[in-house]
Amino acid sequence: MHEESIGLKAESVPMEREALLTLAMEVHGLATFDWDVPGGAIHCTIDAAAPLETQSAPITDFQGWTERVEPSDVAAVSAAVAAAEGERRDRVAFRYHFRRIDGSLRTIEATARCQYDAAGRIVRLSGISADVTEREAREAELIAREAQMQSILQAIPSAMVVIDDHGAIRRFSPAAEALFGYEASEVLGENVAVLTPDSIYDLHDGYLKRYRETGEQRVIGINRAVVARRRDGTEFPMELSIGEALVDGQRLFTGFMRDLSDRHAAEQTAEDLRNELVQVSRVTAMGEMAASLAHELNQPLAATANFLAATKLIVERGGDIGRITDLVGLANEQIQRAGHIIRNIREFIAKREVEIGIEPIEKTIRDSVGLVLVGAARTEVEVRFAFHQTSDLMVADRVQIQQVMVNLLRNASEAVQKLPPLSARMILIFVRDAPEDMIEITVSDTGAGIDPSVIDKLFTTPVPTTKGAESMGVGLSICRRIVEAHGGTLTAENRYAGGATFRFTVPVATTVERDDG
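## Here we look at the overall build of the chain
Of the regular secondary structure elements, the chain holds 13 helices and 19 strands. Counting over 517 residues, the chain shows a buried share of 38%. Restricting to contacts in the chain with at least 6 residues of sequence separation, those with at least 24 account for 57%.

Next up, the structure:
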């Protein structure tokens, strides 16, 4: 009884294995076949999962098989068998397209073992076939998507680099190859830190680790200016924008990069040109003011000479020491006055770097008036001031703001001097608080005003003004650039009562520490 039980159990093992094999083949859509090559007979497994036939339409011979297969595939399979026979291979594999009785076209992959006769001819192919239609469709879709992605990468002007959450490079676009000097094959799989300077090489892994652990987004979706490194070791400024996506459960980061070297160079060139234009404008302004300045300097120098001549005469006559002291003091005051004028002029026209600091508003404005309205001009034009601002301090480059004031005051002065005699030749300077911690400075005149047809392009191109054939467009364009560089605005309009008004704003210094020592 015991031996019989053992015998029954042993016989059941291969039956269970065969059942499991059949089940596995059904699950994976597999079928076995046996092909008598010389005779043409084909025997296939018959079940619902078999890719070549169904219960109602089995394949029994080679001729029946060829009627259901694409003609080009029949030739390809025959060629594959012939090649295997010629090389005496043990196995042969082929793929073909098979039309089932319902009209659907399926893609079949087959692998078979070759059996040869004594003459070296294949007499039998025994193997397994699989329906790979869905897999082929997925492969075709992947190929199409890859081709589409490559075409997109070719067209994107910005360099694109895709990395995983451990920093390994997964994609490297053609634009990235051109930007960094690497071929994609050289960097795929490498840590993205190879594209960074040595000084921050070790930081990227820490950034990614922190993001994996905390999920805190510090750079994703934000345009940043960073420093990168090319293959040859040169470093360059770069704009970087990073996006995140989950692909098949894996977190990927896509970086879009743009070289800022040319832009930085252009900005530096523009800044240098702007400074040169400001310098030229200041020198031009001084040329126009030269005659009036000579008159202004002549007054203190002439007075000094007179005081010293009187002092000499008193000394020769043995006069009163007190009187001599008074005359020398008066001469010294006039010399100090002349020196102050010269210092202001020299500082105004000197080529210098921009120096933003805390500067007094009223003194800067009054000094500007002194630079423009000197000598006879001071007596011909009345200047009225109105200071209503909360703070008397601004955050600005004093000389550049003076340049703006000098241009506006010179234009206003020339505008009112064109008026007929006995007319009200007046310049109004008004200072008040403006929104967003700014100070508004207004320069108005009582002249003829600005031609409405050119007021919109006053700050961009040279245009005729109330000064006649002369133009002030270039000077005003420089003024606007200076004001905008300070974070302010410069506008122009005509006064209702006649004349022109120019308004510009500069930041106010809300708090400042003073050193009284």
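## Regarding the side chain of Thr66
Tracing the backbone shows Thr66 in helix H2 (residues 62–66). Since its relative accessible area comes to 19%, Thr66 is described here as buried. Within polar-contact distance, the side chain of Thr66 engages the backbone oxygen of Gln63 at 2.7 Å.

## Points about the nonpolar core
Ranked by size, the top nonpolar core spans 41 residues in total, and within it Met405, Leu409, Ile427, Ile450, Phe502 and Phe504 carry the most contacts. Only helix H10 (361–372), strand E13 (393–396), helix H12 (398–417), strand E14 (426–434), strand E15 (438–445), helix H13 (473–485), strand E18 (490–494) and strand E19 (500–507) provide two or more residues apiece to this core. The dominant element in this core, judged by the number of residues it contributes, is H12, at 8 residues. Sequence-distant contacts of Met405, that is, excluding residues within four places in its chain, are made with Ile365, Ser368, Ile429, Ile441, Val443 and Phe504.

## Structural notes on unusual backbone geometry
Located in the positive-phi region is Arg88, a residue other than glycine, with phi close to 55°. Along the chain, Arg88 turns up in the loop between helix H3 (71–87) and strand E3 (91–99). Its identity as a non-glycine residue notwithstanding, Asp437 has a phi of 55°, on the positive side. By the element assignment, Asp437 lies in the loop between E14 and E15.

## Things to note about the environment of Asn494
Following the sequence through the fold, Asn494 ends up in strand E18. The sequence separation of Asn494 and Gly449 amounts to 45 residues, and the corresponding C-alpha distance is 5.7 Å. Once residues lying within four places of it in the same chain are set aside, the contact partners of Asn494 are Gly449, Ile450, Ile455, Gly499 and Ala500. Polar contacts involving the side chain of Asn494 include one to the main-chain amide nitrogen of Ile450, which spans 2.7 Å.

## Some details on the sheet that holds strand E12 (residues 382–387)
The strand order across the open sheet built from 5 strands is E12-E14-E15-E19-E18, with neighbouring strands paired in mixed fashion. In this open sheet, the two edge strands, each paired with only one partner strand, are E12 and E18. Strand-to-strand twist across the sheet, computed as the mean angle between neighbouring axes with direction ignored, equals 15°. Of the pairings in the sheet, the one linking E12 to E14 comprises 6 bridges and is parallel in character. Residue pairing in the sheet places Glu382 in a bridge with Met426 of E14. Contacts from H10 reach E12, E14 and E15, with the element oriented near 170° to E12. Seen against the sheet, H12 touches E14, E15 and E19 and runs at an angle of roughly 20° to E15.

## Topic: empty space enclosed by the protein
Taken as a whole, this structure holds 2 cavities of 30 Å³ or more when the rule is applied. Space inside the largest cavity adds up to approximately 110 Å³. Lining the largest cavity are 11 residues, and of these Phe33, Trp35, Ile42, Trp65 and Tyr96 lie nearest its centre. Elements represented by at least two residues in the lining of the largest cavity include exactly strand E1 (30–36), strand E2 (42–44), H2 and E3. Counted by class, the lining of the largest cavity contains 10 nonpolar, 1 polar and no charged residues.

## Thoughts on H12
Compared with an ideal rise of 1.5 Å per residue, which puts 20 residues at 28 Å, H12 spans 28 Å between its outermost C-alpha atoms and is within 8% of the ideal. Within H12, 18 of the 20 residues are buried, which leaves the element mostly enclosed by the surrounding structure. You can read the cap of H12 off the contacts: a side-chain oxygen lies 3.1 Å from the backbone nitrogen of Val399, and it is on Asp397.

## Quick look at the pattern of salt bridges
Applying the stated criterion across every chain yields a total of 21 salt bridges. Notably, a salt bridge pairs Asp164 with Arg170, separated by 2.7 Å at the nearest N-O pair. We classify Asp164 as buried; its relative accessible area is 4%. For Arg170, a relative accessible area of 44% translates into the label partly exposed. Connected through shared salt-bridge partners, Arg95, Glu109, Arg135, Glu136 and Glu139 make up one network.

## A few points about the sheet that holds strand E5 (residues 122–131)
In space, the 5 strands of this open sheet follow the order E2-E1-E5-E4-E3, with antiparallel pairing throughout. With partners counted over all chains shown, the strands left at the sheet margins are E2 and E3, one partner each. Neighbour-to-neighbour, the strand axes of this sheet turn through a mean angle of 25°, independent of strand direction. Relative to E5, E1 runs antiparallel, the two sharing 7 bridges. Pairing of Trp35 across the sheet is with Leu125, part of E5. In the packing of H3 onto the sheet, the strands contacted are E1, E3, strand E4 (105–116) and E5, and the crossing angle to E3 comes to about 170°.

## What about the confidence of the model for the chain?
For the chain, the mean per-residue pLDDT works out to 77, and 69% of the residues sit at or above 70. Here strand E17 (residues 468–471) stands out as the element of the chain with the lowest mean pLDDT, 38, in contrast to E15, whose mean of 95 is the highest. Within the model, pLDDT remains below 50 along residues 1–10, and this stretch shows 0 contacts once partners closer than five positions in the same chain are excluded.

Cut-offs and rules
- Residues numbered from 1 in each chain as written.
- Predicted model: local features only at pLDDT ≥ 70, side-chain atom pairs only at ≥ 80, totals over all residues.
- Heavy atoms only, no water.
- Helix = DSSP H or I, 4+ residues; strand = E, 2+ residues; numbered from the N terminus.
- Buried < 20%, exposed > 50% of the residue type's maximum accessible area, 1.4 Å probe, protein only.
- Contact = heavy atoms within 4.5 Å.
- Polar contact = N/O pair within 3.5 Å; in protein donor to acceptor, adjacent residues only side chain to side chain.
- Core = buried A, V, L, I, M, F, W, Y, C linked by side-chain atoms within 4.5 Å.
- Pairing = 2+ DSSP bridges.
- Axes fitted to C-alpha atoms, helices over the stretch in contact; angles between N-to-C directions.
- 1 Å grid on protein atoms, 1.4 Å probe; cavity = no way out; pocket = protein on both sides within 12 Å on 5 of 7 lines; lining within 4 Å.
- Points joined across faces, edges and corners; volume = space filled by probe spheres on them.
- Nonpolar A, V, L, I, M, F, W, Y, C, P; charged D, E, K, R; others polar.
- Expected span 1.5 Å × (residues − 1).
- Salt bridge = Lys/Arg side-chain N within 4 Å of Asp/Glu carboxyl O.
- pLDDT = per-residue confidence, 0-100.

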